[in-house]
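Chain residues, written in single-letter form:
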Amino acid sequence: MKEANVYDVIIIGSGPIGIACALECKNNKLSYLVIEKGCLVNSIYNYPQNMTFFSTSEKLEIGNIPFVSINIKPTRNEALEYYRRVAKVANLSVNLFEEVLTVIEHKNKSFRYLVETNKFEYYTQNIIICTGFHDFPYLLNVPGENLPKVTHYYKDPHFYAFQKVFPPNKRNYKNSKMQIIRFV
Ligand SMILES: Cc1cc2nc3c(=O)[nH]c(=O)nc-3n(C[C@H](O)[C@H](O)[C@H](O)COP(=O)(O)OP(=O)(O)OC[C@H]3O[C@@H](n4cnc5c(N)ncnc54)[C@H](O)[C@@H]3O)c2cc1C
């Protein structure tokens, strides 16, 4: 019988890669848990609301589960629906809104890693870190950039109409690799 909180594999992040890894664990009868700090496919959820993928939907398919879109290129909303469906159809074990804080390697024979989150502790033989890179802003180290009114995500231009906004200029882009945001 499996001990509570002990897994063959812990997967950090429920982006497309984390979900694909969970499907593989399930197909190979490994005990696993996906731990996600936000909602399912949190990075894609935070993409611009009217975003269209540049890939066609079949290129984004995982686990041989069909991804049908009404257009050649799927939208963010269609992708969110697709990944929800994959998680539901495969009945994946995903803990949402739980952030992994530390991973400590142990010499213990029964498990190799201790994974600490903001809620629990877990023990695992193997760990897959698929935290992506879209969810980590490039900070400029300037005063005020952590204020609640500063956003690192571009959602929708309407919110910024008639407001004073600071889109970084081309030089900043080059120096800081920060995304240039086009306000319409
Ligand atoms: C606007 C836009 C359009 C794109 N269009 C395409 C496209 O058309 N085709 C294509 O192939 N790719 C596209 N991409 C890129 C694609 O979305 C990413 O490559 C993909 O999401 C990467 O998947 P991932 O699972 O590695 O990481 P992510 O999707 O970034 O997932 C990482 C997950 O880890 C979670 N996480 C991070 N830290 C922790 C922690 N400490 N504890 C728990 N969870 C954590 C995050 O919340 C997130 O849910 C696009 C990207 C953007 C921004």
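This write-up is about the structure you can find in this document. All of these numbers come straight from a predicted model, not from anything done at the bench. One numbering rule holds for all chains: residues counted from 1, following each sequence as written. With the structure being a predicted model, the display of local features is reserved for residues of pLDDT at least 70 and the display and counting of side-chain atom pairs for 80 or more, all residues being used for whole-chain, interface and lining totals.

### Thoughts on the site of the ligand
Quick reminder of the rule: Any residue whose C-beta atom, as set from the backbone, lies within 6 Å of a molecule or strand is reported as near that molecule or strand. Per the convention used, a helix needs a DSSP run of H or I reaching at least four residues, while a strand needs a run of E reaching at least two, with both numbered from the N terminus.
Around the ligand, the surrounding shell holds 27 residues, and the nearest of these are Gly 13, Gly 15, Asn 42, Phe 53 and Gly 132. Elements with a contribution of two residues or more to the shell around the ligand: helix H1 (16–27) and helix H2 (42–45).

### Description of helix H3 (residues 76–89)
Note: α-helices contain 3.6 residues per turn, so residues at a spacing of three or four share the same orientation. Here is the rule: Any helix carries an expected span of 1.5 Å times its number of residues minus one. To sort residues by burial, count the other C-beta atoms lying within 10 Å of each one's C-beta; a count of 20 or more means buried, 12 or fewer means exposed, and anything in between means partly exposed. C-beta atoms are built from the backbone. By construction, the arc corresponds to the directions joining the helix axis to the C-beta atoms. Contact definition: two residues whose C-beta atoms, as placed from backbone geometry, lie within 7 Å.
When the terminal C-alpha atoms of H3 are compared, their 20 Å separation across 14 residues agrees well with the 20 Å that a helix rising 1.5 Å per residue should span. What H3 keeps buried is the set Ala 79, Tyr 82, Tyr 83, Val 86 and Ala 87. Down the axis, H3 shows its buried residues gathered within 130° of arc, on one side only. Set apart from the buried face of H3 by more than 90 degrees, the exposed residues are Asn 77, Lys 88 and Val 89. For H3, the secondary structure elements touched by its buried residues are H1, H2 and strand S3 (94–95). Positive backbone phi, at 50°, marks Asn 91, one or two positions downstream of H3.

### Here we look at the nonpolar core
This is how it is decided: Core membership is restricted to buried Ala, Val, Leu, Ile, Met, Phe, Trp, Tyr and Cys residues, and these are joined into a nonpolar core through C-beta atoms within 7 Å.
Counting residues in each nonpolar core, the largest one holds 23 residues, and the members touching the most others are Ile 10, Ile 11, Ala 22, Leu 33 and Tyr 83. Tallying contributions element by element places H3 first for this core, with five residues. Apart from the residues lying within four places of it in its own chain, the contact partners of Ile 11 are Gly 18, Cys 21, Ala 22, Tyr 32, Val 34, Ile 128 and Cys 130.

### Here we look at unusual backbone geometry
The phi dihedral of Lys 29 falls on the positive side, at around 55°, and the residue is not glycine. You can see Lys 29 is positioned in the loop between H1 and strand S2 (32–35). Phi is positive for Asn 64, close to 55°, though the residue is something other than glycine. Of the residues examined, Asn 64 has 6 C-beta atoms within 10 Å and is grouped as exposed.

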